[in-house]
Amino acid sequence: MNAIERYFGINGENTTVKTEILAGITTFLTMAYIIFVNPNVLAEAGMDKGAVFVATCLAAAIGCFIMGIYARLPVALAPGMGLNAFFTYGVVLGMGYAWQTALGAVFLSGCLFILLSLFKIREWIINAIPTSLKQGIVAGIGAFLAFIALQSSGIIVGRDATLVMLGDMTAFAPMMAALGFFIIIGLVYKKVPGAVTIGILLITLISLVTGNTQFTGIMSAPPSIAPTLMQLDIAGAFDIGMISVIFAFLFVDLFDTAGSLVGIANKAGLIDKDGNIPNMDKALLADSTATVAGAMLGTSSTTSYIESASGVASGGRTGLMAVTVGVLFLLSIFFAPLAGMIPAYATAGAIFYVSVLMLFTLKDINWEDLTEAAPVAVVLLLTPLTYSIADGIALGFITFTAVKLMTGKFSEITIPVWILTAILLAKLVLL
């Protein structure tokens, strides 16, 4: 125990081993919904649900172990919401690529992320991209997730004349999705640990009792991961049409990770007087390495979870908290039957709740400045309407550069923004 305390610097952070373990349990409960949601989302891309379940648990465990042991920070990782939706609905179903090729794109984005971290290019990119665009992209992904949740649950359905319309709200699936969302909001408001997971399980229980879901058990030996293990098609990901996809995976993961790390470190009081986060480079390497490992296992990009803040609020201050979360993800692989019983409408409420959280970034936008507000509005509206995170990002960058040029604010267009705008504009015109 003394060796653990010394390695993680527990005494120096005014915490205890017990506190760190309890904080890890709290964090796991707040993010365990991903082991139910991710297999459902990626299964729609044609991937084996059982294999994705195991890959999700293993990728999360690997990410948590690297973050906890190497970076020694109280940050947990798992396959990211939004990135998994882009993988399925944008790349596979939207663009028509095989899921193996999409995994190849995730792998390459992770490798690029590692290079950016090693060669210190990360700070240059993060600092050069306008804050409003960063916030707009997060909100746009949130809107995209909301649309997917509403569609998968039948709350929104197709219509020839108007493209979409309200579905039959008296049907079982829409009612359960709505009830799940309301339950989660109520539990979160009351600060109940594991509110999202509880909401998913309650809706599944109702579905079981009413005969809409068949009971298949709670625990078993883990499903085979063979259907997804090392199935990535890296060569196919070098297709010219995949450039924007790789960039989108990289871009979203980069800023999502940076934002989560800053938020968690700030809440934990780990940021020094100069505004620096200890072991930031190691944390980014942990995140990018987990993405590469996840792609090889068979899941979309792995990223740092802002839900780690719940563990920090419970007293977690060191990497031992992250290691605890990793152990719990490993143990979760024995609950595959439970995950297999979770219907799509049970996770729809959770996805919609996550989208609400992502829309919070809109409060920081300067809506009085049209040159800042217009690009954000474009990303927010066109990401779900084009059914593509990549197109939403591209159109946001192009709009930002165009409105700044039209209003004479040339100095606000940085060199990276010029470069990215040119690349994205060429992609839209030529591909």
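The rules we used
- Residues numbered from 1 in each chain as written.
- Predicted model: local features only at pLDDT ≥ 70, side-chain atom pairs only at ≥ 80, totals over all residues.
- Heavy atoms only, no water.
- Helix = DSSP H or I, 4+ residues; strand = E, 2+ residues; numbered from the N terminus.
- Rg over C-alpha atoms; globule rule 2.2 N^0.38 Å.
- Buried < 20%, exposed > 50% of the residue type's maximum accessible area, 1.4 Å probe, protein only.
- Areas by Shrake-Rupley, 256 points an atom, 1.4 Å probe, with all protein chains shown as cover.
- Lys, Arg positive; Asp, Glu negative; His and termini not counted.
- Charge placed at Lys NZ, Arg CZ, Asp CG, Glu CD.
- Phe/Tyr/Trp six-rings, centres within 6.5 Å; stacked < 30°, edge-to-face > 60°.
- Lys NZ or Arg CZ within 6 Å of the ring centre and 35° of its normal.
- Axes fitted to C-alpha atoms, helices over the stretch in contact; angles between N-to-C directions.
- Left-handed = near helix turned anticlockwise from the far one by under 90°.
- Contact = heavy atoms within 4.5 Å.
- Nonpolar A, V, L, I, M, F, W, Y, C, P; charged D, E, K, R; others polar.
- Expected span 1.5 Å × (residues − 1).
- Parallel < 35°, antiparallel > 145°, perpendicular 65-115°, else oblique.
- Pairing = 2+ DSSP bridges.
- 1 Å grid on protein atoms, 1.4 Å probe; cavity = no way out; pocket = protein on both sides within 12 Å on 5 of 7 lines; lining within 4 Å.
- Points joined across faces, edges and corners; volume = space filled by probe spheres on them.
- Salt bridge = Lys/Arg side-chain N within 4 Å of Asp/Glu carboxyl O.

A.B. asks: With reference to specific residues and values, describe the overall build of the chain.
C.D. replies: Regarding its fold elements, the chain presents 19 helices and four strands. Taken over the C-alpha trace, the chain has a radius of gyration of 21 Å; the compact-globule value for 431 residues is 22 Å, and the two agree within 12%. Summarising its shape, the C-alpha atoms of the chain cover approximately 60 × 60 × 45 Å along the three principal directions. Every one of the 431 residues in the chain was classed for burial, and the buried ones make up 56%. With an accessible surface of roughly 17500 Å², the chain has 69% of that area assigned to carbon and sulfur atoms. Of the side chains in the chain, 18 bear a positive and 23 a negative charge, and the two mean positions are spaced by 8 Å.

A.B. asks: Can you tell me about unusual backbone geometry, naming the residues and giving the values?
C.D. replies: Despite not being glycine, Arg 72 has its phi angle at roughly 60 degrees, a positive value. Within the secondary structure, Arg 72 sits in the loop between helix H4 (49-71) and strand S1 (77-79). Classification of Arg 72 by relative accessible area gives partly exposed; the value is 36%. Unusually for a residue other than glycine, Leu 163 sits at a positive phi of about 75 degrees. For Leu 163, a relative accessible area of 69% corresponds to the exposed category.

A.B. asks: Lay out the packing of aromatic side chains with the relevant residues and their values.
C.D. replies: In total, this model carries six aromatic pairs according to the counting rule given. Relative to Phe 182, the ring of Phe 181 lies with its centre 6.0 Å away and its plane at 55 degrees, an arrangement referred to as tilted. For Phe 182, a relative accessible area of 57% gives the class exposed. Clustering of aromatic rings is evident, with ring pairs tying together Phe 181, Phe 182 and Phe 352. A cation over an aromatic ring shows up here: Arg 72 above the ring of Tyr 7, its NZ or CZ 3.8 Å from the ring centre. The aromatic ring of Tyr 70 is capped on one face by Lys 282, whose charged end is 5.3 Å from the ring centroid.

A.B. asks: If you had to explain the environment of Asp 391 to someone new, which residues and values would you point to?
C.D. replies: Mapped onto the elements of the fold, Asp 391 is located in helix H18 (residues 389-406). Classification of Asp 391 as partly exposed rests on a relative accessible area of 21%. Between the C-alpha atom of Asp 391 and that of Ala 248, which follows or precedes it by 143 residues, the distance is 8.9 Å.

A.B. asks: Describe in detail the packing of helix H5 (residues 83-92) against helix H8 (residues 131-152), supporting the description with residues and values.
C.D. replies: Put simply, H5 and H8 touch, their axes get as near as 11 Å, and they point 65 degrees apart. As for how H5 packs across H8, the hand of that crossing is left-handed. The residues of H8 that touch H5, namely those facing Ala 85, Phe 86 and Tyr 89, are Phe 144, Leu 145 and Ile 148. Taken together, the residues of the contact of H5 with H8 sort by class into six nonpolar, no polar and no charged.

A.B. asks: Describe in detail helix H16 (residues 344-358), supporting the description with residues and values.
C.D. replies: Taking 1.5 Å of rise per residue, the 15 residues of H16 would be expected to cover 21 Å, and the 21 Å separating its terminal C-alpha atoms lies within 8% of that figure. When you tally the buried positions in H16, you get eleven out of 15 residues, the bulk of the element. Those residues of H16 that fall on the buried side of the exposure criterion are Tyr 345, Ala 346, Thr 347, Ala 348, Gly 349, Ala 350, Ile 351, Tyr 353, Val 354, Ser 355 and Met 358. The secondary structure elements touched by the buried residues of H16 are helix H3 (34-43), H8, helix H9 (172-189) and helix H10 (195-209).

A.B. asks: Tell me about the packing of H3 against H4, residues and numbers included.
C.D. replies: As a packed pair, H3 and H4 sit with axes 9 Å apart at the nearest point and diverge in direction by 135 degrees. As the angle between them shows, H3 and H4 are arranged oblique. For the crossing formed where H3 meets H4, the hand is right-handed. The residues of H4 that touch H3, namely those facing Ile 34, Ile 35, Asn 38, Pro 39, Asn 40, Leu 42 and Ala 43, are Lys 49, Val 52, Phe 53, Thr 56 and Cys 57. When its residues are assigned to classes, the contact of H3 with H4 shows eight nonpolar, three polar and one charged.

A.B. asks: With reference to specific residues and values, describe the pairing of strand S3 (residues 163-166).
C.D. replies: Here strand S2 (residues 156-159) pairs with S3 via four bridges, running antiparallel. Of the residues in S3, the one forming a bridge with Gly 158 is Val 164. Between S2 and the antiparallel strand that follows it, S3, lie three residues.

A.B. asks: Tell me about empty space enclosed by the protein, and please be specific about residues and values.
C.D. replies: In total, this model carries one cavity of 30 Å³ or more according to the counting rule given. The space that makes up the largest cavity amounts to roughly 60 Å³. Along its surface, the largest cavity is lined by Asn 40, Val 41, Glu 44, Tyr 89, Ile 148, Ser 152, Ala 344, Thr 347 and Ile 351. Where the lining of the largest cavity is concerned, the elements lending two or more residues are H3, H8 and H16.

A.B. asks: Before we move on, can you summarise the pattern of salt bridges with the specific residues and values?
C.D. replies: Applying the stated criterion to the full structure yields four salt bridges. Here Lys 409 makes a salt bridge to Asp 369, at a shortest N to O gap of 3.4 Å. Highlighted residues: Lys 409 in the loop between H18 and helix H19 (415-430) and Asp 369 in the loop between H16 and helix H17 (370-385), separated in sequence by 40 residues. Between Glu 372 and Lys 404 there is a salt bridge, with the nearest N and O atoms lying 2.8 Å from each other. With a gap of 32 residues between them, Glu 372 in helix H17 and Lys 404 in helix H18 connect regions that are remote in the sequence.

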